[in-house]
Amino acid sequence: MTTTHAPADASADAPDSAKLVEEAYSSVSALYKGNVEDIFAACREMREATPVYEGDFIAKFMNVPTNAGLQAGTRPTFAVFKYQDVLAVLKDGTNYTNGFILEGLGKVWDGLMILGMDGDAHRRVRALLQPAFMPDTVNKWRPKIDGIIRDFFIAPLLPNKRADLMEFGLYFPIRLMYALVGFPEGDKDKYNQYAAWALAMLGANQIDPSKVEEARRQALIGVKGLYDALMEATQKRRAEGAEQTDDVISRLIKAEYEGHKLNDHEVATFARSLLPAAGETTTRTFSSVMTLLLTTPGLIDRVRADRALVNKLVDETVRYEPVSTFKVRETAADVEIRGVKIPKGSFVQCMVASANRDGDAFENPDSFDIDRRQKPSFGFGFGPHMCIGQFVAKIELQCAVNAMLDLMPNLRLDPDKPAPRIEGAHLRGAKSVHVIWD
Amino acid sequence: MTTATCKVSHADGRTSTLEIEHGTSLLQAALNQGMTGFNGDCGGACQCATCHVYVDEAWQAHLDPVDDAEDAMLDCTTEPRRPSSRLACRVVMSPALCGLSVTLPLAQ
């Protein structure tokens, strides 16, 4: 991605805000790049030899931070590699909890944070938000999402006949999600600033002690900046009345929580805790979807001719190339997995990159095959904390793929540029996807 | 009559009855009426396998067949899958289902 190619609809008036978000994105990519050459090979080896590993696999073999933040390394740590074990841990929110995140990443984020909640409290909060993100609701946004992608992001690229798709891949999820959250539309500079702040919040997870202080300082600027922006948006929405509007802020204003209506502070902190997940993960998934679509022989012709396959393309990408390669939980009781005793208070690292390629769950697990039988994979997580925004993300991806296939005839890789490469130990994706069309 | 009744047998032996509007899923009705035992972690989008029910034999033939998405998810239930296993989010009430009877698994 280059800064000279700002988002198509912002390049004229906002190069600086585009640069800001690009830098924040690249810095998160660098943080999670890690030191593992082939994450799937490393996982395969573990899955076959030591499916329940006693030790901090992520720190030792991947060298990337987790949401445990500074809590990492303070308690016994295990990693599980088999599909059935990852499934069992992720779906059991009673024995495997998330509260530790409040002591790690949550220390910096502050306020209501759904990611770090457990049990009934989590269930109640999730139930508040869930309706805003269900397929029936988000499907209504499809025409708008489709229009924005075609008119604002793809149309300006068309005369060039060549592009790095990540020139718009970083910006369209931000533009769409931040509007759905309820920020006033029309100011792209502000959206980019918000996205950069949200990325800085993710950057608070550092493993290099010399970088912790600066990363936290940047994260706190993001935490404060987003809070102020959300408070302003919340107050404005409350003053105008939230009855007729359906965005996340309006839903939170209308909702009841623990027997009371949320105040502005609660609405703002709660909405804020969703933002770091609302843009860059879709960008990275988009990069992997396009990479696999363009590099798998014959696939693009099939998908172009039969758009029902776009769904399968996205689902298989999420299995084969999960952006988030692991999820961590803490044991709330003594447990045992495959004969390995795991004491209460341990961290369990659920290796999604391993489970999604487990031969006991998927035939020919290392082949990318959009025709395989549907089966849950864990790219969006699983269980009570499963990605609440997954249906929005899928619609965004479907609209983007369809729009490109419609508007960019004979879309193919640019032979004069390096082929895209999906990389990273965690938060994986391709940095660039250079394409040409007729 | 625009509603249908559904008898729910809980894991502890209690039974209760839901009045469900036609076109509404069994899960949505249970959540709306605050009935426990239907977790529905994903909110009813066939993505979590936590609204697992066993449909009483007499009613199985009246339900729409299991589609691919539900079939895949039924392999992930906490209590073992049986031929009578369904997900409550996929059981949409209709006049033909009035009187439906389901049993909740122990784990929910």
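What comes next is a walk through the structure. All values derive from a computational prediction rather than experimental measurement. (Residues numbered from 1 in each chain as written. Chains lettered and ligands numbered in written order. Predicted model: local features only at pLDDT ≥ 70, side-chain atom pairs only at ≥ 80, totals over all residues. Heavy atoms only, no water.)

**Structural notes on the overall build of chain A**
Scanning chain A for helices and strands turns up 20 helices and 14 strands. Since a compact globule built from 438 residues should have a radius of gyration of about 22 Å, the 21 Å found for chain A is in line with a globular shape. Seen through its principal axes, chain A has C-alpha atoms that stretch 60 × 55 × 45 Å. The 438 residues of chain A split such that 59% are buried. Sequence-distant contacts in chain A: of pairs separated by 6 or more residues, those separated by 24 or more amount to 75%. (Helix = DSSP H or I, 4+ residues; strand = E, 2+ residues; numbered from the N terminus. Rg over C-alpha atoms; globule rule 2.2 N^0.38 Å. Buried < 20%, exposed > 50% of the residue type's maximum accessible area, 1.4 Å probe, protein only. Contact = heavy atoms within 4.5 Å.)

**A closer look at the sheet that holds strand β7 (residues 326-331) of chain A**
For sheets, the rule is that strands pair by backbone hydrogen bonds, running either parallel or antiparallel. Residues and elements named next belong to chain A. As summarised here, the arrangement of the five strands in space is β1-β2-β10-β7-β3, forming an open sheet in which the pairing is mixed. Sheet topology places β1 (52-54) and β3 (96-97) at the edges, where each strand pairs with a single neighbour. With two bridges joining them, β3 and β7 adopt antiparallel strand pairing. In the strand pairing of β7, Y96 is matched with T331. (Pairing = 2+ DSSP bridges.)

**A few points about the side chain of T50 of chain B**
All names here are of chain B. Looking at where T50 falls in the secondary structure, it is placed in the loop between α1 (26-32) and β3 (52-55). Within the structure, the side chain of T50 is placed 3.0 Å from the backbone nitrogen of G40, a separation counted as a polar contact. The contact partners of T50, leaving out residues within four places of it in the chain, are F38, N39, G40, D41 and Q108. (Polar contact = N/O pair within 3.5 Å; in protein donor to acceptor, adjacent residues only side chain to side chain.)

**Details of the environment of Y96 of chain A**
Residues and elements named next belong to chain A. In this fold, Y96 is placed in strand β3. For Y96, a relative accessible area of 8% gives the class buried. Taking the C-alpha atoms as reference points, Y96 and K344, 248 residues apart in sequence, are found 9.5 Å from one another. Discounting residues that sit within four places of it in the chain, Y96 has contacts with V89, R329, E330, T331, V335, I337 and V348.

**A short note on the interface of chain B and chain A**
Taken together, the contact between chain B and chain A spans 17 residues of the former and 19 residues of the latter. Across the chain B/chain A interface, buried area totals approximately 1300 Å², and carbon plus sulfur atoms make up 51% of it. Interface area lost by chain B to chain A is led by D41, Q47 and C76 of chain B, which between them contribute 40%. Connecting chain B to chain A are three salt bridges. R373 of chain A is paired through a salt bridge with D75 of chain B; the nearest N and O atoms lie 3.3 Å apart. Along the contact surface separating chain B from chain A lie six residue pairs in polar contact (both at pLDDT 80 or more). Looking at side-chain class alone, the side of chain B that touches chain A contains seven nonpolar, six polar and four charged residues. (Buried area = accessible area lost by both parts, 1.4 Å probe. Salt bridge = Lys/Arg side-chain N within 4 Å of Asp/Glu carboxyl O. Nonpolar A, V, L, I, M, F, W, Y, C, P; charged D, E, K, R; others polar.)

**Focus on the packing of aromatic side chains**
Summed over the entire model, instances satisfying the criterion amount to 19 aromatic pairs over all chains. A ring pair is formed by Y178 of chain A and F183 of chain A, whose centres lie 5.7 Å apart and whose planes are at 20°; its orientation type is stacked. For the pair Y178 of chain A and F183 of chain A, one class covers both residues: buried. Cluster of aromatic residues (ring-pair linked, three or more members): Y178, F183, Y191, Y194 and W197 of chain A. Taking the ring centre of Y320 of chain A as reference, the NZ or CZ of R357 of chain A above it sits at 3.9 Å. Over the face of the ring belonging to Y54 of chain B we find R82 of chain B, whose NZ or CZ atom lies 3.7 Å from the ring centre. (Phe/Tyr/Trp six-rings, centres within 6.5 Å; stacked < 30°, edge-to-face > 60°. Lys NZ or Arg CZ within 6 Å of the ring centre and 35° of its normal.)

**Some remarks on the state of the cysteines**
Applying the stated rule across the entire model yields zero disulfides over all chains. Considering cysteine sulfurs only, C42 of chain B is the nearest to C387 of chain A, which forms no disulfide, with 12 Å between them. In this structure C76 of chain B is a free cysteine whose sulfur lies 10 Å from that of C46 of chain B, the closest cysteine sulfur available. (Disulfide = S-S within 2.5 Å.)

**Here's the deal with unusual backbone geometry**
Although it is not a glycine, R338 of chain A adopts a positive phi angle of roughly 50°. Structurally, R338 of chain A is set in the loop between β8 (335-337) and β9 (340-342). Given the relative accessible area of 48%, R338 of chain A is considered partly exposed. Look at A49 of chain B: it is not a glycine, yet its phi comes out positive at around 65°. If you trace the backbone, A49 of chain B turns up in the loop between α1 and β3.

**A closer look at the layout of surface pockets**
All names here are of chain A. The space that makes up the second largest pocket amounts to roughly 510 Å³. Lining the second largest pocket are 24 residues, with S27, A200, G203, Q206 and Q218 positioned closest to its centre. Listing elements by their share of the lining of the second largest pocket, those giving two or more residues are α1 (15-31), α12 (188-202) and α13 (209-240). Ranked by residue count, the leading element in the lining of the second largest pocket is α1, at seven residues. For the lining of the second largest pocket, a count of residues per class yields twelve nonpolar, eight polar and four charged. (1 Å grid on protein atoms, 1.4 Å probe; cavity = no way out; pocket = protein on both sides within 12 Å on 5 of 7 lines; lining within 4 Å. Points joined across faces, edges and corners; volume = space filled by probe spheres on them.)

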